[in-house]
Amino acid sequence: MSERTGYNVEYDETGEVQVIEGAPRDAGAPEMDAPETLGCHSGGEMEKAARLAGSSEILDQYAKDYPQGPHDKPQSMCPAFGSLRVGLRMRRVATVLSGSACCVYGLTFVSHFYGARRSVGYVPFNSETLVTGKLFEDIRESVHEMADPDRFDAIVVTNLCVPTASGVPLRLLPDEINGVRIVGIDVPGFGIPTHAEAKDVLAGAMLKYARDEIAAGPVPAPVGGKEDRPTVSLLGEMFPADPMMIGAMLAPMGLAAGPVVPCREWRELYSALDCGAVAAIHPFYTSAVREFEAAGRPIVGSAPVGHDGTAAWLAGIGDAFGLASDKVAAAQNAFLPAIKAALAGAPIKGTITLSGYEGSELLVARLLIESGADVPYVGTACAKSPWSAADAEWLAAKGVKVKFRASLEDDMAAVEAVKPDLAIGTTPVVQKGKEMGIPSLYFTNLISARPLMGPAGAGSLAEVVNAAMGNKERMGTMKAFFEGVGHEDTAGVWEGAPNLQPQFRALNAKKLERAAKAAKASEMI
């Protein structure tokens with residue numbers, strides 16, 4: 001309602017769309033805290049609030065796509081960073097976040113830390129606008145103001161935890177405004193376990209939109225023109241040299257590498273859907289796979305990593321296209337000897353534990369083992385998938401313990417038990433390893449940011465891995481130097497004994513015990 005004119009300002013017809021309402025609360029059910037008072041790790045309560053607000057369909061689909069396993073809350077960075085990063089890396093795509101200010105600040109900071117060079121939109125809210133539905137009106141007004149076809153092909157609007165729990169209905173936004181596509185997604189921390197899988201949420205939503213556009217009529221051609229050979233679309237973010245190497249390995253079979261999904265611009269989505277097959281290089285893109293399968297495209301799992309992986313992957317691609325065996329053999333004979341030579345020329349000797357949340361952990365483990373390393377444990381925060389089954393079987397045959405949906409506790413327990421020559425993992429795993437005097441490498445920045453495919457990937461890890469393992473003596477010296485300075489809450493140099501206040505610990509332990517009993521009792525009501 002306009003204060004100056006006294007009439008409603010309407011931008012489109014969504015005000016007349018039927019709104020899905022949540023189910024009424026059962027009589028006698030326990031009261032829940034207001035959604036805005038909860039954090040992203042208050043999974044159970046936030047999910048209850050979201051279902052009451054009409055978001056059950058979305059959450060049920062997420063539970064099916066991204067089964068959570070032993071831990072029901074994120075143990076990496078906010079999952080929404082994954083989808084935010086995908087949108088920020090696309091040309092002519094604007095990104096708008098709807099969530100708590102602290103969450104938006106953190107996501108914006110991290111996105112710019114990782115090199116984003118554009119603004120992140122934000123629609124603020126308070127308790128009143130959240131409860132009355134004014135937040136949705138503010139979001140709708142914002143996208144109308146931003147929808148400039150000279151600047152944008154699409155606008156991505158993302159609900160974070162609180163708007164999702166409150167049922168802010170992004171599905172009621174118009175599909176397009178002034179020719180600018182509007183893509184609304186929910187990425188709550190209580191529904192998406194990792195930021196890797198949040199990439200799939202947006203990639204799948206964009207592929208669905210593009211598939212509907214293709215079904216409706218002609219779409220723009222690729223900027224570089226249409227490829228004259230059948231293509232293989234590549235699913236999963238990779239080192240920039242990897243798609244080129246994959247293209248070179250496909251060429252002897254008369255095939256070409258298609259776009260990498262997530263894409264860098266909108267019209268690449270059309271080319272990706274126009275492929276002959278899809279290579280699920282990263283196996284967690286469940287939503288994207290669903291859209292490719294709906295378009296009738298076969299999916300090939302694993303990746304051309306190492307000697308055995310490349311041989312099997314090229315054979316799988318040949319089967320998907322129905323190629324003659326001599327064409328597949330030509331590609332294998334052209335590259336397998338070079339891969340074997342590269343592995344032999346860059347050996348890795350030592351025991352390594354490997355963990356991460358990027359989705360490529362099993363591929364890296366294969367490459368390390370073929371390079372000569374002993375890898376007794378691989379932990380991935382992503383779920384088990386049919387597209388990683390071949391990798392899991394290969395690793396199991398080599399005596400590797402593969403842990404899907406591995407928790408931080410699983411990964412650190414492996415480091416403690418194995419005491420490897422090198423621990424590769426996330427930041428807290430690396431910290432744990434260094435505390436033990438074990439050389440450690442951060443998976444995301446130092447391992448996954450290297451080529452992995454074909455001959456280029458075969459020797460890419462040896463230099464950084466061998467250099468790190470060579471620091472064993474130095475790590476021991478550092479550990480000895482800092483011995484006695486304290487640990488965890490007693491860390492630092494103390495003039496006297498630390499004041500531990502054990503009575504406070506006992507009091508908090510009792511509070512936690514009472515809270516657990518109360519929660520258990522409420523489940524029985």
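These figures come from a predicted structure and were not determined experimentally.

Moving on, we get to the overall build of the protein chain. A count of helices and strands for the protein chain gives 22 helices and 14 strands. For the protein chain, long-range pairs separated by at least 24 residues make up 72% of all intrachain contacts whose partners lie at least 6 apart in sequence.

What follows covers the environment of Y270. Within the element layout of this structure, Y270 appears in helix 10 (residues 267–273). Expressed as a C-alpha distance, the spacing of Y270 and P220, which sit 50 residues apart in the sequence, is 8.1 Å. The contact partners of Y270, leaving out residues within four places of it in the chain, are R181, A210, E213, I214, V219 and P220. Within polar-contact distance, the side chain of Y270 engages the side chain of E213 at 2.8 Å.

At a minimum axis separation of 10 Å, helix 14 (residues 361–370) and helix 15 (residues 389–397) run at an interaxial angle of 35 degrees. Regarding helix 14 and helix 15, the two cross each other, and that crossing is left-handed. Each of L362, L363, A365, R366, I369 and E370 in helix 14 lies in contact with helix 15, whose residues at this interface are A390, D391, A392, W394 and L395. Its residues assigned to classes, the contact of helix 14 with helix 15 shows eight nonpolar, no polar and three charged.

Looking now at the sheet that holds strand 7 (residues 256–261). Here four strands make up an open sheet; going across it, the order is 7-6-8-9 and the pairing parallel. Either end of the sheet is taken by a strand with one partner, and the two such strands are strand 7 and strand 9 (299–300). Relative to strand 9, strand 8 (residues 277–279) is paired through two bridges, and the arrangement is parallel. Bridging from a neighbouring strand, V278 pairs with I299 of strand 9. Lying over the sheet, helix 11 (residues 286–294) contacts strand 6 (231–235), strand 7, strand 8 and strand 9, oriented at roughly 160 degrees with respect to strand 6.

In this section: the sheet that holds strand 13 (residues 422–425). Strand order in the open sheet formed by five strands is 12-11-10-13-14, with parallel pairing between adjacent strands. Of all strands in the sheet, those with a lone pairing partner are strand 12 (401–404) and strand 14 (440–442), marking the two edges. Averaged over all pairs of adjacent strands, the angle between strand axes in this sheet comes to 10 degrees, irrespective of strand direction. Direction of pairing for strand 10 (residues 351–356) relative to strand 11 (residues 374–380): parallel, over a ladder of five bridges.

Let us look at empty space enclosed by the protein. For the coordinates displayed, the defined rule picks out two cavities of 30 Å³ or more. In this structure, the largest cavity encloses a volume near 90 Å³. Every residue lining the largest cavity is listed: I281, P283, G359, L362, L363, T380, C382, A383, W387, S388, D391 and F404. Residues belonging to the lining of the largest cavity are distributed by class as follows: eight nonpolar, three polar and one charged. One number sums up the size of the second largest cavity: a volume of about 40 Å³. When the residues that make up the lining of the second largest cavity are grouped by side-chain class, the tally is eight nonpolar, no polar and no charged.

To continue, consider the pattern of salt bridges. Tallied over the entire structure, the rule returns 16 salt bridges. Among the ionic pairs, K134 bridges to D138, the shortest N-O distance being 2.5 Å. Of this pair, K134 and D138 both sit in helix 6 (residues 134–146), separated by four residues, roughly a single helical turn. D138 sits in the buried class, given a relative accessible area of 16%. One salt bridge connects D274 with K226, and the closest N-O pair in it is separated by 2.2 Å. Here D274 is found in the loop between helix 10 and strand 8, whereas its partner K226 is found in the loop between helix 8 (195–216) and strand 6, with 48 residues between them in sequence.

What follows covers unusual backbone geometry. In this chain, V261 is followed by P262 through a cis amide linkage whose omega measures 10 degrees. Positionally, P262 belongs in the loop between strand 7 and helix 10.

So, about the nonpolar core. With 58 residues, the main nonpolar core has I352, L368, M453 and V465 as its most contacted residues. Considering every element that reaches this core, the biggest residue donor is helix 14, with seven residues. The contacts of M453, once residues within four sequence positions are left out, are M238, D242, M245, I246, M249, I281, A303, P304 and V305.

Right, let's talk about the packing of helix 16 (residues 408–418) against helix 17 (residues 427–435) for a bit. The description of two packed helices rests on the angle between their axes and on the distance between the axes. Where helix 16 contacts helix 17, the two axes come as close as 10 Å, and the packing angle between them is 25 degrees. The angle between helix 16 and helix 17 falls in the class roughly parallel. For the pair helix 16 and helix 17, the crossing hand works out as right-handed. Contacts between helix 16 and helix 17 involve L408, D411, M412, V415 and E416 from the first element and P428, V429, K432 and G433 from the second. Grouping the constituent residues of the contact of helix 16 with helix 17 by class yields five nonpolar, one polar and three charged.

Take a nonpolar patch on the surface next. There is a patch of nonpolar side chains on the surface, built from Y105, F109, F113 and Y114 and spanning about 510 Å² of accessible area. The residue Y114 is located in the loop between helix 4 (101–113) and strand 2 (121–122) in this model.

Turning to helix 4, a few remarks are in order. Counted at 1.5 Å a residue, the expected span for helix 4 with its 13 residues is 18 Å, and the 18 Å between its end C-alpha atoms agrees. Its buried side turned inward, helix 4 meets helix 3 (80–88), strand 1 (93–98) and strand 2. G115 sits one or two residues past helix 4 and shows a positive phi near 100 degrees.

Taken as a whole and assessed by the stated rule, the structure comprises three aromatic pairs. Residues F284 and Y285 carry aromatic rings whose centres are separated by 4.6 Å and whose planes lie at 25 degrees to one another, so their mutual orientation is stacked. Across the pair, Y285 and F284 agree in class, each one buried.

Rules of the game
- Residues numbered from 1 in each chain as written.
- Predicted model: local features only at pLDDT ≥ 70, side-chain atom pairs only at ≥ 80, totals over all residues.
- Heavy atoms only, no water.
- Helix = DSSP H or I, 4+ residues; strand = E, 2+ residues; numbered from the N terminus.
- Contact = heavy atoms within 4.5 Å.
- Polar contact = N/O pair within 3.5 Å; in protein donor to acceptor, adjacent residues only side chain to side chain.
- Axes fitted to C-alpha atoms, helices over the stretch in contact; angles between N-to-C directions.
- Left-handed = near helix turned anticlockwise from the far one by under 90°.
- Nonpolar A, V, L, I, M, F, W, Y, C, P; charged D, E, K, R; others polar.
- Pairing = 2+ DSSP bridges.
- 1 Å grid on protein atoms, 1.4 Å probe; cavity = no way out; pocket = protein on both sides within 12 Å on 5 of 7 lines; lining within 4 Å.
- Points joined across faces, edges and corners; volume = space filled by probe spheres on them.
- Salt bridge = Lys/Arg side-chain N within 4 Å of Asp/Glu carboxyl O.
- Buried < 20%, exposed > 50% of the residue type's maximum accessible area, 1.4 Å probe, protein only.
- Core = buried A, V, L, I, M, F, W, Y, C linked by side-chain atoms within 4.5 Å.
- Parallel < 35°, antiparallel > 145°, perpendicular 65-115°, else oblique.
- Patch = residues over 30% accessible without salt bridge, like charges linked within 9 Å, V, L, I, M, F, W, Y side chains within 5 Å.
- Areas by Shrake-Rupley, 256 points an atom, 1.4 Å probe, with all protein chains shown as cover.
- Expected span 1.5 Å × (residues − 1).
- Phe/Tyr/Trp six-rings, centres within 6.5 Å; stacked < 30°, edge-to-face > 60°.

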